[in-house]
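Given next are the chains, with one letter for each unit.
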Amino acid sequence: MRDDLAYGLAVGLILGLVLGLSGWLVDRLIWGFSSGLAFKLALALVFKLAFALVFGMVVGLYWLSGAGRRYLVFLLCIRGRLPWRLGTFLNWAYEAGLLRISGVAYQFRHRELQDWLAAHPTP
């Protein structure tokens, strides 16, 4: 978890700095380097950099590291949509012959079981 956090923060900071500074540079090239716009351009740099840093942190922490996926699984476990020990449950279902492993995914072995589970959702 610590490695994901460090990776996500590093990617987020780099992505945020690149997006913020490139947006500021584009504004400078469009509006020119006149002194009357210096305050507005500096203010735009601050806001663009802040927005880009937040955007970069979200992208880095959620999508590029496994932290977002683990958080989603945790929320589903709390709400009762997934078992708490998901790995143990999937191993049991594999050993019982209900699921098969295909690459990195688990698949139902029996189409009838999948249809029955889809037709009878739990409240």
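First things first, this report covers the structure right here in the doc.

Analysis parameters
- Residues numbered from 1 in each chain as written.
- Predicted model: local features only at pLDDT ≥ 70, side-chain atom pairs only at ≥ 80, totals over all residues.
- Heavy atoms only, no water.
- Helix = DSSP H or I, 4+ residues; strand = E, 2+ residues; numbered from the N terminus.
- Contact = heavy atoms within 4.5 Å.
- Areas by Shrake-Rupley, 256 points an atom, 1.4 Å probe, with all protein chains shown as cover.
- Phe/Tyr/Trp six-rings, centres within 6.5 Å; stacked < 30°, edge-to-face > 60°.
- Buried < 20%, exposed > 50% of the residue type's maximum accessible area, 1.4 Å probe, protein only.
- Patch = residues over 30% accessible without salt bridge, like charges linked within 9 Å, V, L, I, M, F, W, Y side chains within 5 Å.
- Salt bridge = Lys/Arg side-chain N within 4 Å of Asp/Glu carboxyl O.
- Pairing = 2+ DSSP bridges.

**Quick word on the overall build of the protein**
When helices and strands are counted, the protein shows 5 helices and 2 strands. Each helix and strand of the protein, ordered N terminal to C terminal, gives the series α-α-α-α-β-β-α. A sequence separation of at least 24 residues applies to 49% of the contacts in the protein between residues at least 6 apart. Accessible surface for the protein amounts to roughly 9,600 Å². Of this, 69% is attributable to carbon and sulfur atoms.

**A short note on the packing of aromatic side chains**
Given two aromatic rings, their pairing is described by the distance between the two centres and the angle made by the two planes. Under the counting rule described, the total for this entry stands at 2 aromatic pairs. Relative to W84, the ring of F74 lies with its centre 6.2 Å away and its plane at 70 degrees, an arrangement referred to as edge-to-face. Taken as a pair, F74 in helix 3 (residues 67-78) and W84 in the loop between helix 3 and helix 4 (86-95) lie far apart in primary sequence, 10 residues in all. Classification of F74 as partly exposed rests on a relative accessible area of 42%.

**Re a nonpolar patch on the surface**
Residues V54, V58, Y62, L72 and L76 make up a contiguous nonpolar surface patch of about 410 Å² in total accessible area. Listed by contribution, the elements that provide at least two residues to the nonpolar patch are helix 2 (38-63) and helix 3. With respect to the helices and strands, L76 occurs in helix 3.

**Points about the pattern of salt bridges**
When the charged atoms of two side chains lie near each other, side chains of opposite charge can form a pair. A complete count under the given rule lists 1 salt bridge for this structure. Between R111 and D115 there is a salt bridge, with the nearest N and O atoms lying 3.7 Å from each other. Here R111 pairs with D115, and both are found in helix 5 (residues 111-119), just 4 residues apart, close to one helical turn. Residue R111 is classed as exposed on the basis of its relative accessible area of 57%.

**Describing the pairing of strand 2 (residues 105-108)**
Each regular strand carries side chains that alternate between the two faces of the sheet. In terms of strand pairing, strand 1 (residues 99-102) meets strand 2 through 4 bridges, oriented antiparallel. Residue I101 lies in a different strand from strand 2, and its bridge partner there is Y106. Once strand 1 ends, the chain turns through 2 residues before running back antiparallel as strand 2, passing G103 with a positive phi of about 70 degrees.

**Quick word on the environment of G97**
Looking at the secondary structure, you find G97 in the loop between helix 4 and strand 1. Overall, the relative accessible area of 19% leaves G97 in the buried class. The spacing of G97 and R109 is 12 residues in sequence and 7.2 Å in space, taken between C-alpha atoms. Beyond its immediate stretch of four places on either side in the chain, G97 contacts R109 and H110.

**Observations regarding the environment of L25**
Secondary-structure assignment places L25 in helix 1 (residues 2-31). Put simply, L25 and L45 are 20 residues apart on the chain and 8.8 Å apart in space, counted from C-alpha to C-alpha.

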